[in-house]
Amino acid sequence: MTIDEDASLWIFGYGSLMFKRPLHHMPISDTFERYDGYIEGYIRRFWQSSSDNRGTPEYLGRVVTIIPAEEVLYNEKMQESLLKHELNHEKYRQLLQEFSNANDEFEEKEKLNAISSLLKVKGCVYRVPPQHAKLAREYLDLREQDGYTVENVEFICDGDGRRINCQVYVGTPENTSFVGAEEDDKTAAIIHKAVGPSGPNDEYLLRLQEQDPCDTYLLNLKNIVLSKKAA
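- By the naming in an unreviewed UniProt entry, the protein chain is glutathione-specific gamma-glutamylcyclotransferase, taken from Pichia kudriavzevii.

Below you can see the structure in the form of structure tokens.
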């Protein structure tokens, strides 16, 4: 069953929202229902620069965005990151090769759907009740003003598999703060140094990785950053 309550604000969090609720500075935020789960067909990457939260205009930090499979699969550099992390298995490499060699539009779409079903971004969804929805939206619009736009996604709850139509803030490749596919070492070096009004960039990474310890991309960045801190 798919839930869709127009009066409430259902918002998907895959980055700082996983550890910092909407309107977190107000007691009412503790009343917002939270469900853990995931969305399909996307990857999460620190490919969005941050000038106002985890960095400054003088030294841009890095924050996460989500990128749909159809964007990743037509970009060679993004494909390399995909193969390093989510599809790091020979059978997946073969599937990706079959996608590249598809003979017609139908076959290409079929392979795209097969790969999309393998890609899952863990996160959470909040239900902001109607009486607080407008205030929460205004707060989030300000919090996510550096390049993010609102899109709709289908969220799948852990456990019972409920599907929830919700909104999400995405830094699309078209926005000016999107840095594109970036090597993990470079991203980690920036995160290690950057600090913004919301705090150190590495704090953001470490708290996010705690929320999703099975994400190999986040784990790799964490290990690189910790090695730099220990040096």
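**So, the overall build of the protein chain**
Alright, step 1. A count of helical and extended segments in the protein chain gives eight helices and ten strands.
Alright, step 2. Relative to the compact-globule value of 17 Å for 231 residues, the protein chain shows a C-alpha radius of gyration of 18 Å, a close match.
Alright, step 3. Along the longest, intermediate and shortest principal axes, the C-alpha atoms of the protein chain span 55 × 50 × 30 Å.
Alright, step 4. Counting across all 231 residues of the protein chain, residues that qualify as buried make up 48%.
Alright, step 5. Sequence-distant contacts, at least 24 apart, represent 72% of the contacts inside the protein chain between residues at least 6 apart.
Alright, step 6. In the protein chain, 27 side chains carry a positive charge and 39 a negative one; their mean positions are 6 Å apart.

**A short note on the side chain of Arg143**
Alright, step 1. Inspection of the secondary structure puts Arg143 in helix 5 (residues 130-143).
Alright, step 2. By relative accessible area, which is 11% here, Arg143 ends up buried.
Alright, step 3. Among the polar contacts listed, one links the side chain of Arg143 to the backbone oxygen of Arg21, at a separation of 3.5 Å.
Alright, step 4. Engagement of the side chain of Arg143 in a polar contact is seen with the side chain of Tyr139, the distance being 2.6 Å.
Alright, step 5. Filtering out sequence-adjacent residues up to four positions away, Arg143 remains in contact with Ser16, Leu17, Lys20, Arg21, His24 and Asn53.

**Topic: the packing of helix 6 (residues 184-193) against helix 8 (residues 216-230)**
Alright, step 1. One way to put it is that helix 6 packs onto helix 8 with a least axis distance of 9 Å and a crossing angle of 55°. One element, helix 6, and the other, helix 8, form an angle in the oblique class. Helix 8 is crossed by helix 6, and the crossing has right-handed handedness. Judged by residue contacts, Asp184, Asp185, Thr187, Ala188, Ala189, Ile191 and His192 of helix 6 engage Tyr217, Asn220, Leu221, Ile224, Val225, Lys228 and Lys229 from helix 8.
Alright, step 2. Taken together, the residues of the contact of helix 6 with helix 8 break down into seven nonpolar, three polar and four charged.

**Things to note about unusual backbone geometry**
Alright, step 1. Here Leu23, not a glycine, exhibits a phi torsion of approximately 55°, which is positive.
Alright, step 2. If you trace the backbone, Leu23 turns up in the loop between strand 2 (9-13) and strand 3 (33-40).

What counts and how
Residues numbered from 1 in each chain as written. Predicted model: local features only at pLDDT ≥ 70, side-chain atom pairs only at ≥ 80, totals over all residues. Heavy atoms only, no water. Helix = DSSP H or I, 4+ residues; strand = E, 2+ residues; numbered from the N terminus. Rg over C-alpha atoms; globule rule 2.2 N^0.38 Å. Buried < 20%, exposed > 50% of the residue type's maximum accessible area, 1.4 Å probe, protein only. Contact = heavy atoms within 4.5 Å. Lys, Arg positive; Asp, Glu negative; His and termini not counted. Charge placed at Lys NZ, Arg CZ, Asp CG, Glu CD. Polar contact = N/O pair within 3.5 Å; in protein donor to acceptor, adjacent residues only side chain to side chain. Axes fitted to C-alpha atoms, helices over the stretch in contact; angles between N-to-C directions. Parallel < 35°, antiparallel > 145°, perpendicular 65-115°, else oblique. Left-handed = near helix turned anticlockwise from the far one by under 90°. Nonpolar A, V, L, I, M, F, W, Y, C, P; charged D, E, K, R; others polar.

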